[in-house]
Amino acid sequence: MNNDTKTDEPASDGKVGEGTWGAPLVLLIPVLLIRHLSDLSTPWLITAWSLLALVAVLTVAGWVSVARQRRRGAKGWGTCLLLHFSLASQVLLLV
């Protein structure tokens, strides 16, 4: 019989990289376009704030991943800073 036991270690190298923050960054693009190309009427504002809420949820999920794996790469931190700066600036510009 095979007595293999599974470990809780991730299959990757354990580093949180750019991919952790990639999806939220991509979702910020429509928010930026809405802000620049629309008249910010009510439907566009609702769409923009909904996308920002989704970005915030994905950012929290990214931080959960960072907390679990505890190892981070320099590129991952750079992308993380870019995401947080972009998210904060978009929220401030829509307020």
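Here the structure is a predicted model, which is why all the values come from computation and not from measurement.

Visitor: How should I be thinking about the overall build of the chain in this particular structure?
Guide: A tally of regular secondary structure across the chain gives 3 helices and 2 strands. Mapped in sequence order, the helices and strands of the chain form the string β-α-α-β-α. Going through the 95 residues of the chain one by one, you find that 27% of them count as buried. Considering only residue pairs separated by 6 or more positions, the chain has 83% of its internal contacts joining residues 24 or more positions apart.

Visitor: What is the right way to look at the nonpolar core in this model?
Guide: Grouped burial of nonpolar side chains is what soluble globular proteins tend to show. Ranked by internal contacts, the top residues of the largest apolar core, which has 14 residues, are Leu28, Leu52 and Leu83. Listing elements by their share of this core, those giving two or more residues are helix 1 (18-37), helix 2 (42-69) and helix 3 (74-94). When residues no more than four places from it in sequence are discounted, the contact partners of Leu52 are Leu28, Val31, Leu87, Gln90, Val91 and Leu94.

Visitor: Got a minute to help me understand the environment of Ile29 in this structure?
Guide: In this structure, Ile29 sits in helix 1. You can call Ile29 partly exposed: its relative accessible area is 48%. Once the C-alpha coordinates of Ile29 and Ser86 are considered, the two residues, 57 residues apart in sequence, prove to be 9.8 Å apart.

Visitor: What's the story with a nonpolar patch on the surface in this structure? I'm lost.
Guide: Judged by side-chain polarity, Val26, Ile29, Leu33 and Leu37 come together as a nonpolar surface patch covering roughly 410 Å² of accessible area. Summarising the element assignment, Leu37 is placed in helix 1.

Visitor: Please clarify how the packing of helix 2 against helix 3 should be interpreted in this entry.
Guide: In a pair of packed helices, the angle between the axes and the distance between the axes together describe the arrangement. Remark: helix 2 packs on helix 3, axes separated minimally by 11 Å, with the N-to-C direction vectors making an angle of 150°. One element, helix 2, and the other, helix 3, form an angle in the roughly antiparallel class. In the packing of helix 2 onto helix 3, the handedness of the crossing is left-handed. When helix 2 is examined against helix 3, the residues Leu45, Ala48, Trp49, Leu52, Val55, Thr59 and Trp63 are found in contact with a partner set consisting of Trp77, Cys80, Leu83, His84, Leu87, Gln90, Val91 and Leu94. Residue composition of the contact of helix 2 with helix 3, grouped by class: 12 nonpolar, 3 polar and no charged.

Rules and cut-offs
Residues numbered from 1 in each chain as written. Predicted model: local features only at pLDDT ≥ 70, side-chain atom pairs only at ≥ 80, totals over all residues. Heavy atoms only, no water. Helix = DSSP H or I, 4+ residues; strand = E, 2+ residues; numbered from the N terminus. Buried < 20%, exposed > 50% of the residue type's maximum accessible area, 1.4 Å probe, protein only. Contact = heavy atoms within 4.5 Å. Core = buried A, V, L, I, M, F, W, Y, C linked by side-chain atoms within 4.5 Å. Patch = residues over 30% accessible without salt bridge, like charges linked within 9 Å, V, L, I, M, F, W, Y side chains within 5 Å. Areas by Shrake-Rupley, 256 points an atom, 1.4 Å probe, with all protein chains shown as cover. Salt bridge = Lys/Arg side-chain N within 4 Å of Asp/Glu carboxyl O. Axes fitted to C-alpha atoms, helices over the stretch in contact; angles between N-to-C directions. Parallel < 35°, antiparallel > 145°, perpendicular 65-115°, else oblique. Left-handed = near helix turned anticlockwise from the far one by under 90°. Nonpolar A, V, L, I, M, F, W, Y, C, P; charged D, E, K, R; others polar.

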